[in-house]
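Here is how the chains run, residue by residue.
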Amino acid sequence: MSFNLKTSLLFVLLLPFTFFSVFGQGILVNESKIVIQLPRPIILHPKRPHPIPPRPAPQPPESNYTIKSLEVNANVKEQVADVNVSQTFVNTGKTQMEVSFVFPLPYDGAINSMTLLVNGKEYGAKLLDAKEARKTYEDIVRRNQDPALLEWIGNGMFKTSVFPIPAGESREINLKYSQLLKVDGGLTDFLFPMSTAKYTAKPIEKLEINVNIESPDEIKNIYSPTHEIKIKRPTARKASVAYDAKSVVPSSDFRLFYDSGKNEVSTRLLSFRPDPKEDGYFMLLASPQFSADASKQIAKNVMLVLDSSGSMSGQKIIQAREALKFVLNNLHNEDTFNIIQYNNNATKFKDEIQPVKEEIINEANSYTESIRASGGTNIGEALEAALGMIQDKKTPNYVLFLTDGCPTVGVTDELKLSEIATAANKNSARVFVFGVGYDVNGRLLDRIARGNRGQTEYVKPNENIEDYISRMYNRINAPVLTDVVFNLIANSNEQKNYVANRVYPSGKFDLFKGEQLVIVGRYSKAGNVTINVEGKVGDETKTFKFEGNFVDQSIDQSSSFISRLWAIRRIGEILDQIDLKGQNKELVDELVNLSTVYGILTPYTSFLADENVALTDFKANAKITSSNTLDLNVVSGMHGVEQRAGKLGFQKALTLDSFDHNNKDNLAKVEKSKMRSGYNVTSAPNANMRLDKAEAEKSARRNSDVSGRISGYDADDKADTAIGDPKLMVQNINNRAFFNKAGIWIDSTLTESQMKPENIITVKQFSDEYFKLIDQYKNELAPFLTLGGSQIVNVKGKAYKIEP
């Protein structure tokens with residue numbers, strides 16, 4: 001029998017069985033006195049091949065159904081969303097099911113119509129407001145001794161009449177509703193609830209979400225903080241957003257923000273401040289004016305720098321040539337360019353930068369095709385040749401620099417090469433570096449890119465070079481505003497008060513056509529603020545002003561995602577500073593604190609998920625982290641590259657869902673690379689001393705066991721066959737982390753003092769006192785109790801231990 005929790009919809013199935021479970025997004029309500037709970041995800045971990053259920057669960061009767069797909073189509077126009085949800089499921093059991101359909105309403109948005117069709121036939125239903133729905137949710141929790149539905153206490157509900165599903169037959173369910181969307185900070189907020197899917201025992205086969213947006217003004221910012229979306233803009237006033245996935249277990253609701261306006265650049269400000277005594281968190285979205293007119297493109301200069309040393313032979317040089325030809329054939333008529341290949345020496349296609357003309361592009365393609373791999377790697381000469389050729393500071397200058405190895409000819413010292421690049425870059429070019437394979441010096445490449453306002457990309461073995469370079473070029477193909485600077489200034493009669501701090505990305509940057517810029521930071525003072533945006537179009541400086549507001553104290557958790565996204569990027573910045581400048585106590589302490597509070601694990605803090613590690617023993621945890629970050633002394637090889645690729649994932653994070661997925665993979669890959677490399681990083685600053693194989697494996701297995709449980713991958717990158725770990729070590733609810741310590745979920749915000757036995761208040765799960773607490777604290781407590789089992793949670797400075 002398979003359990004499937006697949007959509008954001010709940011089915012209440014009223015059966016003649018004493019059974020309660022979830023299929024798809026469905027719930028089978030237990031009508032007897034027998035307590036049966038929702039199934040929880042189970043993963044078979046390679047080190048524990050036999051799954052251990054999180055708590056005893058009786059065997060279900062011979063009745064089930066499976067959902068093949070979920071498709072959500074929404075049309076949004078002037079703040080109103082018309083939503084159509086379609087899914088097909090099959091009763092694979094032996095008994096007819098009597099089904100009632102329950103749907104938690106998204107947020108408190110006004111639903112003005114809702115209909116349910118089953119194979120084209122409409123069924124009656126009623127809308128329950130939050131107060132009425134609360135009783136229904138709570139009754140199910142009480143009856144079935146299961147806290148899962150506590151997550152939706154406070155939400156309204158849509159509930160239908162009963163309809164049958166005969167055994168062996170399929171049904172297509174269509175739900176249609178219209179909703180008035182929330183607007184916050186000028187951003188329209190579309191939400192489709194999918195978080196119930198985390199109770200599935202089998203992944204969704206096919207998930208599709210399509211949102212079409214139409215606006216009377218130009219659509220500017222389009223951003224999802226939860227999922228990695230694809231955006232198409234057929235016109236300035238229309239946009240389509242798509243998300244699709246296969247064999248996936250959604251862990252969060254789908255959320256989408258957008259705005260519209262008439263300005264050349266649009267900025268929108270969102271803020272979150274749970275504690276008015278602490279700095280708040282903000283997110284600034286910026287998007288340039290949409291223009292389909294290619295004649296209005298800003299001219300740019302592109303320098304293509306290709307490593308043609310002997311190690312590039314074979315497929316690498318073939319792919320690199322194709323990548324260069326892709327860029328050449330996609331330059332605009334007003335652009336300029338040149339090509340430099342380097343091995344023992346640097347060789348220019350032409351002595352001067354070239355205009356884009358048909359005959360010159362044809363010659364450049366022919367020159368590219370003639371490039372062959374031989375000789376050594378003179379990175380320093382190549383950098384000087386490329387950057388020294390750039391003379392025009394008014395034009396946006398971009399250098400695409402590709403290498404597959406460490407410097408072997410000329411200057412080879414890492415710091416000196418970085419200084420050469422900085423000194424040669426007299427006209428503010430942005431340098432994008434592509435490291436191919438595992439033989440590169442990752443820290444050197446990061447130094448060059450970071451020191452020249454660029455970015456590093458790592459092309460792993462068996463990955464295609466052309467894919468990476470073409471993707472990067474498509475991003476920078478059409479600059480709209482260059483050397484952009486944002487300032488947030490408090491509105492007051494006093495002298496200018498710059499209230500933003502720890503902002504990422506920091507420094508000057510460029511805005512490109514179609515790009516959605518997401519800036520996160522902290523703020524020290526609440527109230528109205530002026531957002532000053534200054535940038536250049538050619539040699540003309542343009543200034544824009546916008547108004548925003550920093551909230552004094554947030555009344556709910558709807559914007560809490562901002563704090564977690566900021567923490568992810570801040571961790572990326574900390575790791576970069578430790579990598580490029582060396583570690584210090586302050587950086588290590590902050591890394592441990594952020595990893596603990598937000599449950600954001602890095603290769604250097606993954607030990608926090610070990611059930612024997614006390615979260616409140618900060619001194620010991622900082623000491624272990626300090627030792628672990630010495631791994632960054634490994635600058636090349638598989639371990640050196642995987643660490644830097646993982647660091648880049650923190651720095652570039654845009655959405656929480658994609659970051660969490662990628663970070664789980666990165667944890668497993670870094671541990672795998674450490675095991676294979678066998679570096680004794682604790683005693684060798686240059687990371688050249690190796691352990692014997694047995695000792696190296698013993699050292700890496702300690703973290704590999706933990707990261708495997710977090711990621712669902714073993715040390716050989718083989719995915720486990722099921723979906724959840726019975727001893728899943730870290731879970732995040734409303735951007736608060738809970739760690740599983742010896743079978744008890746521990747709230748990461750608890751202090752050492754709160755964790756003293758005399759300060760812990762014990763409450764029996766599902767007792768009258770338990771429900772009184774839920775009623776007292778409502779959504780400040782209820783969502784955290786969905787973990788089930790034993791847990792200690794921090795509410796208003798008090799530690800409550802929930803005992804089954």
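Placed above this text is the structure.
How each quantity is defined
- Residues numbered from 1 in each chain as written.
- Predicted model: local features only at pLDDT ≥ 70, side-chain atom pairs only at ≥ 80, totals over all residues.
- Heavy atoms only, no water.
- Helix = DSSP H or I, 4+ residues; strand = E, 2+ residues; numbered from the N terminus.
- Core = buried A, V, L, I, M, F, W, Y, C linked by side-chain atoms within 4.5 Å.
- Buried < 20%, exposed > 50% of the residue type's maximum accessible area, 1.4 Å probe, protein only.
- Contact = heavy atoms within 4.5 Å.
- Pairing = 2+ DSSP bridges.
- Axes fitted to C-alpha atoms, helices over the stretch in contact; angles between N-to-C directions.
- Parallel < 35°, antiparallel > 145°, perpendicular 65-115°, else oblique.
- Left-handed = near helix turned anticlockwise from the far one by under 90°.

Before going further, it helps to examine unusual backbone geometry. Cis geometry is adopted by the peptide bond preceding Pro505, which originates at Tyr504 and carries an omega value of 0 degrees. Its place among the elements puts Pro505 in the loop between strand S30 (500-504) and strand S31 (509-512).

Before going further, it helps to examine the nonpolar core. Counting 35 residues, the largest nonpolar core has Val83, Phe190, Phe192, Val211, Ile222, Phe254 and Leu256 as the members making the most contacts within it. The dominant element in this core, judged by the number of residues it contributes, is strand S14 (residues 204-214), at five residues. Residue contacts for Phe254: discarding those within four places in its chain leaves Phe190, Leu191, Phe192, Met194, Ile209, Val211, Ser224, Thr226, His227, Ile229 and Tyr243. Listed in part, the 34 residues of the second largest apolar core include Ile317, Ile339, Ile371 and Phe432.

Moving on: the sheet that holds strand S13 (residues 187-192). Judged by pairing direction, the sheet is antiparallel, and its four strands sit side by side in the order S12-S13-S18-S15 without closing on themselves. Two strands bound the open sheet, and with one partner strand each, they are strand S12 (182-184) and strand S15 (218-223). Here the strands of the sheet are splayed against their neighbours by 30 degrees on average, with no regard to which way each runs. As judged from the five bridges shared by S13 and strand S18 (residues 254-261), these two strands associate in the antiparallel manner. By the bridge assignment, Phe192 is partnered in S18 with Phe254.

Here we take up the packing of helix H2 (residues 315-328) against helix H7 (residues 465-476). Following both chains from N to C, one finds H2 and H7 inclined at 20 degrees, their axes separated by 8 Å at the closest point. Regarding the angle of H2 to H7, the classification is roughly parallel. In terms of crossing hand, the pair formed by H2 and H7 is right-handed. Taking contact as the criterion, the partners of Lys316, Gln319, Ala320, Glu322, Ala323, Phe326 and Val327 in H2 are, on H7, Ile465, Glu466, Ile469, Ser470, Tyr473 and Asn474.

This next bit is on the sheet that holds strand S36 (residues 736-741). Strand order in the open sheet made by the six strands is S35-S36-S37-S39-S40-S38, with mixed pairing throughout. One side of each edge strand has no neighbouring strand; the edge strands of this open sheet are strand S35 (730-733) and strand S38 (760-764). For this sheet the average axis-to-axis angle between neighbouring strands, irrespective of direction, equals 25 degrees. Sheet contacts for helix H9 (residues 585-598): S35 and S36; angle to S36, the most-contacted strand, approximately 85 degrees.

Once that is clear, we can look at helix H4 (residues 379-389). Of all eleven residues in H4, eight are buried, a share of seventy percent or more. Of all the positions in H4, only Ile379, Gly380, Ala382, Leu383, Ala385, Ala386, Leu387 and Met389 are classed as buried.

Worth remembering: the numbers are spatial, not functional.
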